[in-house]
Amino acid sequence: MTAASLARRPRAPNKGRAEALAGYLFIAVPMALFLVLNVGSIVYALFISVWKWNLRSGPVEFTGLRNYGTALSDPIFQTAIRNTLYYAVVWVPLTMALGLFLAVIVNQKIHGQTFFRAAFYFPAIASSAAITTLWIFIMAPDGIFNQVRGMVGLNPLFSLLGFTANQNWIGDQGTAMNTIILLNAWTTSGTFMLFYLASLQSISHEVYEAAAIDGAGAWQTFRRITFPLLKPGHYFVATVAVIGALQLFDQALIGGGVDGAPNNALMTMVLYLYNAAFKQFNFSYAAAIGIILFVVIFTATLVQRRLFGQAPAW
Amino acid sequence: MRRQLLAALAALTIVVTACGGSATSSPSQAAPSAAASAASASASAAAPASAAASASPAGFDANAISGPVVLSGWQSSPAEGNALTQALLSFQATYPNVKVDYQPVAGDYPTVMAPKFASHDVPDLFYVNADYAQEWIAGGFLAPLDDYIAKSAFDTSQFFPGYASIFKGADGKTYGFPKDGNTIAMAYNTALVTSAPKTLDALVTLAQSLKGKSGLKAPICLNPGLDRGLAFLYAQGGSLLTADGKASAIDTAPSKAAIQWYMDLFKSGLGMTASDMGAGWCGDALGKKSAAIIFEGGWLDPSMTSTYPDVKYAWAQLPTGSSGSPVTISFTVSYSIGADSKNKDQAWVLLQYLTGKDGMTKWTQGGVALPARKDVPTPAGKDVLAASSAFAKPGSGFMVGWPAVQKAFQDAFTAQIQGKTFNADPVITATKAAIDKALAGG
C-alpha cells in the first residue's frame with residue numbers, strides 16, 4: 001500500500017532504482033537464509049547421496065547412483081512407498097471431507113458457534129506425541145474403544161468384519177495403518193476446518209442470495225455454489241494435505257517404533273529415512289531417500305497444480 | 001546519490017556474506033572436515049606418543065594427569081543419576097586433578113550423538129550401547145584403547161567375556177569397556193507359580209497348567225523378536241552364526257527346531273506378545289497380572305517397585321533347553337573415548353576408574369545394573385541375574401549390521417504369528433538373507 005501511494009508521487013527515475021535496491025536489501029537476509037539452509041541443504045544432500053559417506057570423515061568412495069538403486073530395489077522401501085501412498089490416498093480425501101463438513105457446520109449461525117469451532121480445532125493444538133500416545137491407549141486390546149463397542153453391542157458387527165473383541169488395532173499388521181489414518185483424520189480435520197472456514201467467508205453473500213431467489217435448496221446451494229467457489233481453498237488444503245501425508249512420521253514412529261512394527265505395517269518413507277540415518281548410520285543412503293522423497297512430493301504438487309488449474313495468486 | 005551508494009554497498013556486503021556462508025556450509029564442507037579430521041588424526045597420533053615420551057619408563061601414570069574431561073550419556077531414571085553421582089564423587093576424591101564435567105544427553109541418544117561425530121565436537125568419554133557399537137567402531141567414531149591398556153597395565157581379565165567382547169572392532173582393537181551389564185532371566189508371579197521350572201519342557205508343562213487361570217491373558221509374555229528369542233535359540237542348541245562368526249547358522253536343524261518351538265508357544269496360546277495383552281512391555285504385563293511368567297532383566301525391579309508394588313514376583317535362571325547347559329543373553333553399554341576427543345588422557349583416567357573395580361562397585365551399588373566384572377560384589381537382590389553373567393552370550397551388537405538382522409527376524413516372525421500360519425521357515429529364510437547381507441558388508 002505504501003509502495004502504491006509512493007508511486008503516485010512524481011520523482012526522478014533513479015529514485016525507483018534506489019527503491020528497488022532497498023527492496024532487494026530487505027529480502028536479502030531471509031533469501032540468503034533460505035538459500036543456505038534450504039536449497040543449500042538439498043544440494044548438499046544430493047552431493048552426499050552419490051558417495052559412500054562416513055559421518056565423521058566425509059566421502060569414502062564415489063558410488064554414483066548405487067544408493068538410489070539399492071533403495072528402489074529394497075522390498076522394505078517399496079513397502080514404505082506403498083504405505084505412504086496408501087495413507088495419502090485414503091487420508092487426504094477423508095480429512096478434507098471431514099474438514100469441509102465441520103467448516104460448513106460451524107459456519108452456520110448457531111448457538112455456541114465459537115465453542116464448536118474451538119472444540120473441533122482442539123486436537124490440532126495437542127502435540128502429536130501426546131495425542132498418539134493417548135490414541136494407543138484408546139485403541140489397545142483392552143482399551144476404551146474395544147470396551148465401548150462391546151458395551152453398546154457392536155461386537156457382532158465387528159466379528160462379521162473379522163475382528164475379535166480384543167482386537168489389537170495398532171499392534172496388528174492388518175489394521176495398524178488404518179488406525180493411524182483415523183487418528184490423523186481426527187486431529188487434522190480441525191486445521192482443515194480452519195482453512196475452509198477462511199475460504200468460505202471469502203465467498204460473496206450476493207451469490208447465496210441469488211441462489212436463494214432462484215429457489216436453490218441447501219444441498220443444491222452447497223453442490224452448485226459453495227463447493228465450486230471453494231476451488232482456491234481446495235487447492236490449498238489438498239496441497240498442504242498431500243505434502244503432510246507424504247511426510248508421515250511421528251505417529252508412525254510412536255505407534256510402531258523405528259522399525260515400523262508390526263511387520264513394516266507402519267513403515268513410511270520418512271521413517272525409513274530416519275531408520276537408515278540414525279539406526280544404521282548410513283547417511284548417504286538416507287540422503288538418497290530424502291532426494292527420492294523430494295522428487296515424489298514435488299511431482300505430487302505439480303500434478304495437483306494441473307488438476308486444480310492455475311494456483312490462486314496469494 | 002550517497003544513500004543509493006550506501007544501500008548498494010550494504011546489499012553487496014550481504015550478498016558476499018551469504019555466498020561465503022553457503023560456500024562453507026554446502027559444497028566444500030567436505031574439504032574443511034577432511035582437513036579437520038586429518039588434523040585430529042595427527043593430534044591423536046601425537047598425544048599418546050608424547051604421553052609415552054614423557055612417562056615412557058613408568059608407563060601411564062593416572063595420578064599425574066590433570067585437566068577437564070566431558071562425560072556424556074543418557075539417563076533413564078533419577079536412581080541412575082544418583083548412582084553415577086556417587087561414582088563420580090569417589091572418582092574426584094581419588095583423582096582430584098581431573099575435573100569431570102558431566103553432560104547428560106536428553107532425547108534419542110544416537111540421534112543427538114550423530115551430529116557431534118559429524119562436527120568433530122564430541123564428549124571425551126561417553127556411553128555406547130552394544131546395539132550400535134559395531135557401527136560406531138566401523139565408522140571410526142571411537143578411539144582405540146590398546147595403547148592405554150598396555151601403558152597403564154589395565155587388568156582386562158576380570159571382565160565377563162560376554163560383555164567385553166562386544167567392544168572389540170573387526171581390527172581386533174578394543175574400543176571401550178563395559179560400564180555394566182544386564183542379563184535376561186525368568187521373572188514369575190509367586191502367587192501363581194510356586195516353584196520355578198528348571199527346564200524348558202517343565203516350563204511348557206507349567207504354562208499348560210496355568211492356561212485359562214483367572215485374569216491371565218496368557219501364561220507367558222514373549223517378545224516376537226531376537227531381543228529375547230535369541231536366548232531360547234541358544235538354549236535349544238541353535239545359533240545365529242557359526243562358531244567363528246563368519247557364516248550364518250540359522251538354517252541348521254537345531255536352529256530351525258528352536259525357532260519353531262518358540263513360535264509354537266504363540267500357536268498354543270501359552271505365550272502372547274505384550275502388545276496383544278494391551279501392555280507396553282512384558283514387565284507391564286506381569287504387573288497387570290496379564291501374564292505369570294516373563295523374561296526380562298534387572299530393569300524390571302525398579303519399575304515393579306514403583307508401579308506395581310503389590311505384585312509379588314521372584315527371579316529364576318532361564319530354564320535350560322535341549323542344549324543341556326545353562327545359557328542366556330546379556331546386554332551392555334560401554335564407556336568409550338571419542339576419536340575426536342581433545343582430552344583423551346583425562347578420559348582414560350576416568351574410564352579406567354569407572355570400569356575398574358572401585359568405580360563399578362560404587363555404580364552398581366545403586367541397583368541400576370549388574371557388574372560387568374567378576375571382582376565386583378553382587379548388588380543386593382541381584383543374585384540370579386548376576387550369576388547369569390557367567391554364562392550369558394551377547395544379546396546384541398556382536399556383528400556389524402545387527403539392527404537389520406534383528407528387524408528381518410522380527411518382521412517375518414510377526415507376520416507368521418499375526419497371519420496365524422506359524423511356520424518358522426520364512427523366518428529362517430528372511431533372517432539368513434539379512435545375516436548374509438550383513439556379513440558381506442551391507
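Residues numbered from 1 in each chain as written. Chains lettered and ligands numbered in written order. Predicted model: local features only at pLDDT ≥ 70, side-chain atom pairs only at ≥ 80, totals over all residues. Heavy atoms only, no water.

Q: It is not clear to me how the overall build of chain A should be interpreted in this structure. Could you clarify?
A: Looking only at helices and strands, chain A features 15 helices and two strands. Taking 20 Å as the expected radius of gyration for a compact globule of 314 residues, we find that chain A reaches 25 Å, considerably beyond that expectation. Per-residue burial for chain A yields a buried fraction of 39% across its 314 residues. Look at the contacts in chain A between residues 6 or more apart in sequence, and 65% of them connect residues 24 or more apart. Of the roughly 17,200 Å² of accessible surface on chain A, 69% is carried by carbon and sulfur atoms. The centroid of the 18 positive side-chain charges in chain A is displaced by 12 Å from the centroid of its 10 negative side-chain charges. (Helix = DSSP H or I, 4+ residues; strand = E, 2+ residues; numbered from the N terminus. Rg over C-alpha atoms; globule rule 2.2 N^0.38 Å. Buried < 20%, exposed > 50% of the residue type's maximum accessible area, 1.4 Å probe, protein only. Contact = heavy atoms within 4.5 Å. Areas by Shrake-Rupley, 256 points an atom, 1.4 Å probe, with all protein chains shown as cover. Lys, Arg positive; Asp, Glu negative; His and termini not counted. Charge placed at Lys NZ, Arg CZ, Asp CG, Glu CD.)

Q: How should I be thinking about the overall build of chain B in this particular structure?
A: Across its full length, chain B holds 17 helices and 11 strands. Buried residues in chain B amount to 54% of all 442 residues. Long-range contacts, defined here as pairs at least 24 residues apart, represent 75% of the contacts in chain B between residues at least 6 apart. On chain B, roughly 17,900 Å² of surface is accessible, and the fraction owed to carbon and sulfur atoms is 59%.

Q: Is there a simple way to explain helix 11 (residues 218-229) of chain A in this structure?
A: Count 3.6 residues to each turn of an α-helix, and residues three or four apart come out pointing the same way. All names here are of chain A. Its 12 residues place the ends of helix 11 15 Å apart at the C-alpha level, agreeing with the 16 Å of an ideal helix rising 1.5 Å per residue. Along helix 11, the positions that sit buried rather than exposed are Thr221, Ile225 and Thr226. Angularly, the buried residues of helix 11 cover 85° about the axis, an arc narrow enough to put them on a single face. Residues of helix 11 that are exposed and point over 90 degrees away from its buried face: Trp219 and Arg224. The inward-facing, buried residues of helix 11 abut helix 9 (176-200) and helix 10 (205-213). (Expected span 1.5 Å × (residues − 1). Arc of directions from axis to C-beta.)

Q: Is there a simple way to explain the domain arrangement of chain B in this structure?
A: Where interface size is given, it is often the accessible area lost as the parts come together that is meant. All names here are of chain B. As assigned here, chain B comprises domain 1 (59-182 + 331-386) and domain 2 (183-330 + 389-439). In this structure, domain 1 and domain 2 have C-alpha centres spaced 29 Å apart. Facing 18 residues of domain 1, the contacting portion of domain 2 comprises 28 residues. Interface area for domain 1 against domain 2, summed over the two sides, is near 1,800 Å², with a carbon-plus-sulfur share of 58%. Counting the surface domain 1 buries against domain 2, the share from its top three residues, Phe331, Val384 and Leu385, is 37%. Along the contact surface separating domain 1 from domain 2 lie one salt bridge. Two residues, Lys382 and Asp301, come together in a salt bridge whose shortest N-O distance is 2.9 Å. Taken together, the links from domain 1 to domain 2 amount to eight residue pairs in polar contact (both at pLDDT 80 or more). (Domains from an automatic or database assignment. Buried area = accessible area lost by both parts, 1.4 Å probe. Salt bridge = Lys/Arg side-chain N within 4 Å of Asp/Glu carboxyl O. Polar contact = N/O pair within 3.5 Å; in protein donor to acceptor, adjacent residues only side chain to side chain.)

Q: Just to check I follow, could you spell out the packing of helix 12 (residues 231-246) of chain A against helix 15 (residues 283-307) of chain A for this structure?
A: Helix-helix packing is characterised by the crossing angle of the two axes and by the distance between the axes. All names here are of chain A. Viewed as axis vectors pointing N to C, helix 12 and helix 15 meet at an angle of 160°, and their least axial separation amounts to 10 Å. Classified by the interaxial angle, the pair formed by helix 12 and helix 15 is roughly antiparallel. Between helix 12 and helix 15 the crossing geometry is right-handed. Each of Tyr235, Ala238, Thr239, Val242, Ile243 and Leu246 in helix 12 lies in contact with helix 15, whose residues at this interface are Leu293, Val296, Ile297, Ala300, Thr301, Gln304 and Arg305. Taken together, the residues of the contact of helix 12 with helix 15 sort by class into nine nonpolar, three polar and one charged. (Axes fitted to C-alpha atoms, helices over the stretch in contact; angles between N-to-C directions. Parallel < 35°, antiparallel > 145°, perpendicular 65-115°, else oblique. Left-handed = near helix turned anticlockwise from the far one by under 90°. Nonpolar A, V, L, I, M, F, W, Y, C, P; charged D, E, K, R; others polar.)

Q: Teacher, can you tell me more about the interface of chain B and chain A here?
A: Taken together, the contact pairs 42 residues of chain B with 36 residues of chain A. Counting across the interface, chain B meets chain A through two salt bridges. For the salt bridge of Lys217 of chain B with Asp142 of chain A, the shortest nitrogen-to-oxygen distance reads 2.9 Å. Those elements giving two or more residues to the side of chain B that touches chain A turn out to be helix 1 (2-25), helix 2 (30-54), helix 4 (109-118), helix 5 (130-138) and helix 16 (402-418) of chain B. Per-element tally for the side of chain B that touches chain A: the top contributor is helix 1 of chain B, with nine residues. Its residues assigned to classes, the side of chain B that touches chain A shows 19 nonpolar, 16 polar and seven charged.

Q: For this particular structure, what's the right way to read the packing of aromatic side chains?
A: Here a ring pair, both rings aromatic, is described through the centre-centre distance and the interplanar angle of the planes. By the definition in use, this model includes 59 aromatic pairs over all chains. Judged by centre distance (5.0 Å) and plane angle (85°), the rings of Trp74 of chain B and Tyr127 of chain B are edge-to-face. With Trp74 of chain B in the loop between strand 1 (67-72) and helix 3 (78-94) and Tyr127 of chain B in strand 3 (residues 125-129), this residue pair connects regions lying 53 residues apart in the sequence. Across the pair, exposure class does not vary: Trp74 of chain B and Tyr127 of chain B are buried alike. The interplanar angle of 65° and the centroid separation of 6.4 Å between the aromatic rings of Phe126 of chain B and Trp136 of chain B together place this pair among those described as edge-to-face. Residue Phe126 of chain B is found in strand 3, and its partner Trp136 of chain B is found in helix 5; the two are separated by 10 residues along the sequence. This pair shows no difference in class: Phe126 of chain B is buried, exactly as Trp136 of chain B is. Between the NZ or CZ atom of Arg149 of chain A and the centre of the ring of Phe158 of chain A, over which it lies, the distance is 4.5 Å. (Phe/Tyr/Trp six-rings, centres within 6.5 Å; stacked < 30°, edge-to-face > 60°. Lys NZ or Arg CZ within 6 Å of the ring centre and 35° of its normal.)

Q: Explain the state of the cysteines to me, please; I cannot follow it from the model alone.
A: Put plainly, a disulfide is one covalent bond tying together the sulfur atoms of two cysteines. Residue and element names in this part refer to chain B. All chains considered together, the criterion is met by one disulfide over all chains. For Cys221, the disulfide goes to Cys282, at an S-S distance of 2.0 Å. Its S-S torsion of about -75° marks the bond between Cys221 and Cys282 as left-handed, since a negative value means left-handed. In this pair, Cys221 is assigned in strand 6 (residues 220-221) and Cys282 in helix 11 (residues 282-287), connecting sequence segments 61 residues apart. As far as the burial class goes, Cys221 and Cys282 line up, both buried. (Disulfide = S-S within 2.5 Å.)

Q: Please explain unusual backbone geometry as it appears in this structure.
A: Between Ala261 of chain A and Pro262 of chain A the backbone carries a cis peptide bond, its omega angle lying at -5°. By the element assignment, Pro262 of chain A lies in the loop between helix 13 (250-256) and helix 14 (269-279). In this structure, Phe281 of chain A is a non-glycine residue whose phi angle is positive, near 55°. Judged by its relative accessible area of 10%, Phe281 of chain A falls in the buried class. Backbone geometry places Ala153 of chain B, a non-glycine residue, at a positive phi of 50°.

Q: Please explain the pairing of strand 10 (residues 328-337) of chain B as it appears in this structure.
A: Looking along a regular strand, one sees side chains alternate from face to face of the sheet. Residue and element names in this part refer to chain B. Most of strand 10 sits out of view: 10 of its 10 residues are buried. Of the two faces of strand 10, the one holding Thr328, Ser330, Thr332, Ser334 and Ser336 and the one holding Ile329, Phe331, Val333, Tyr335 and Ile337 are both buried throughout. As defined by bridge partners, strand 4 (residues 177-183) adjoins strand 10 across six bridges and the pair is classed as antiparallel. Looking at the pairing, Asp180 lines up with Val333 of strand 10. Here strand 10 pairs with strand 11 (residues 392-394) via three bridges, running parallel. By the bridge assignment for strand 11, Ile329 is matched with Lys393. (Pairing = 2+ DSSP bridges.)

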